[in-house]
Amino acid sequence: MNLTYFPGCTLYTKAKAFDEAAKRAGERLGFTLEEMPYWTCCGATFPLAEDYDMALASPTRVLARARKASDKLVTLCAVCHNVLKRTNHVMQTNPERRAKVTDFIDEDYAGDLAVLHYLEVLRDEVGFDALAEKVARALEGLKVAPFYGCLLLRPKAEMQMDDPDRPRIFEDLLTALGAEPVDYPMKSECCGAFQVVHSDAMATRCSREIIGSARARGADLVVTACPLCQFNLDDRQAEMAKADKGFRGVPVLYFTELLAVALGEGLDLLSAERHAVDPVPVLQALGDEAA
Amino acid sequence: MRVRIETEQIGNDRIRKIEEVAAQSVYRCYQCGKCSAACPATPEMDMLPNQVIRYLQLGLEERVLEANTPWICASCLQCRAVCPKGVDLARIMEAVRMLQLRKGRNEIRLQDLPPEYLKRVPQILLISASRKFVPLS
Ligand code: SF4
Ligand code: SF4
């Protein structure tokens, strides 16, 4: 099965292992991620101002070009996914704005592309039961805290992926991989996002509360689908350690990294990523089953 | 007796503009405070999210323009998720920022970030920060 795929800027540069692991895991599960032609930046924020049509130009261009290749587009970065899905919702529900934007970018687009997150492909196309059968290195005894953050599931009506109040897509994936998902109250909170360059105090505090909550419930690892969450939760731990002598770090991985490792990829895959808190020791304890 | 309050009666042009850009009515809010309870950023804010709406309802947008609150908001949509009245407060925050950015307000200077830091951060961080904090022209 070939799936048309939008990587986005960050996965090409700072989150290479997120992308590479997703591709390798896909191959092991029977699908190939095929990069869509001529993609551009999605804009990295969905415009919340109703009159800011210009900000819809780049995500709409991505949708229009993807539609020429397929009727489905798979995304991975939670930010890109949020922007593309919400833009698609505007295209589907607001013919006036659609006409304005598509005229401006000089592309035809009728809103008839389905934007899917990679997690949805795993759940709805592969199936978590079938996935469980492909696990080569079960994550036995590993307690993993799934971190959804703000953008993966909200707003519910537009993202239509899972219930933001009681999500389970990450938990079900982790269970299929043999890990124990950690239930903790902060899983859908904000890591501080782009505020880290504006109010460092806010991002560090938010990240500390999330990491502290996951840690208190016994997490060995945190997984996320967002490069911004990965950066804040991981990078801010140096600050947290400075402020609190008893602080113990928790590695923060992309979920595809953990997935690929469970499916049998070697741990060297993780070296493509900058992990401020090294995840290798925790994963090495699982034994080397690379196949 | 049913009394309907609209911006036309008690608002001013600037509040009408905020409502138009946000595509939200500030008068829908009945001040339950759930948004502020859910907001992850209140410790760094100098005005609570529900107070932002309250000042706008009262026609006191000057107070909101002085507050750091819209600039600390991370557009995380927790407020919208919990609001029993269906108010999308994140959009109101965006409108308050947007109208100031359009007048040339510059909230951060990305060029002042240390080059070593720039090498570490994900691209989406810089792009979304420039969307949220840097004037449009
Ligand atoms: S949750 Fe909604 S109704 Fe309640 S104070 Fe906030 S905006 Fe107003
Ligand atoms: S969107 Fe802004 S105001 Fe609303 S909860 Fe998040 S940070 Fe607070």
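Along the backbone of chain A there are 14 helices and eight strands. For a compact globule of 291 residues, the expected C-alpha radius of gyration is about 19 Å, and chain A comes in at 19 Å, within 12% of that figure. Over its C-alpha atoms, taken along the principal directions, chain A stretches across nearly 55 × 45 × 30 Å. In chain A, which comprises 291 residues, the proportion classed as buried is 61%. Within chain A, contacts between residues separated by at least 24 positions form 79% of all contacts whose residues are at least 6 apart in sequence.

A word on helix α5 (residues 95-105) of chain A. All names here are of chain A. R97, V101, T102 and I105 are the residues of α5 that are buried. Projection of α5 onto a plane perpendicular to its axis shows the buried side chains occupying an angular sector of 120°, all on one side. Facing away from the buried side of α5 by over 90 degrees, the exposed positions are P95, E96, K100 and D103. Phi for D106, located one or two positions after α5, is positive at around 55°.

Moving on to the site of ligand 1. Residues and elements named next belong to chain B. Taken together, the neighbourhood of ligand 1 is formed by 13 residues, with C29, C32, G33, C35 and C83 sitting nearest. Where the shell around ligand 1 is concerned, the elements lending two or more residues are α3 (34-38) and α4 (49-57). In terms of residue class, the shell around ligand 1 is made up of eight nonpolar, three polar and two charged.

Before going further, it helps to examine the domain arrangement of chain A. Residue and element names in this part refer to chain A. As far as domains go, chain A holds domain 1 (2-118) and domain 2 (128-284). The centre of domain 1, based on its C-alpha atoms, is set 24 Å off from the matching centre of domain 2. Contacts between the two partners involve 25 residues from domain 1 and, on the opposite side, 25 residues from domain 2. Across the domain 1 to domain 2 interface the summed buried area is about 2,300 Å²; carbon plus sulfur atoms make up 68%.

In the predicted model, chain B carries a mean pLDDT of 93, and the fraction of residues at 70 or more is 99%. Scored as a whole, the predicted complex attains pTM 0.95, and scored at its interfaces, ipTM 0.92.

Scoring rules and cut-offs
Residues numbered from 1 in each chain as written. Chains lettered and ligands numbered in written order. Predicted model: local features only at pLDDT ≥ 70, side-chain atom pairs only at ≥ 80, totals over all residues. Heavy atoms only, no water. Helix = DSSP H or I, 4+ residues; strand = E, 2+ residues; numbered from the N terminus. Rg over C-alpha atoms; globule rule 2.2 N^0.38 Å. Buried < 20%, exposed > 50% of the residue type's maximum accessible area, 1.4 Å probe, protein only. Contact = heavy atoms within 4.5 Å. Arc of directions from axis to C-beta. Near = heavy atom within 4 Å. Nonpolar A, V, L, I, M, F, W, Y, C, P; charged D, E, K, R; others polar. Domains from an automatic or database assignment. Buried area = accessible area lost by both parts, 1.4 Å probe. pLDDT = per-residue confidence, 0-100.

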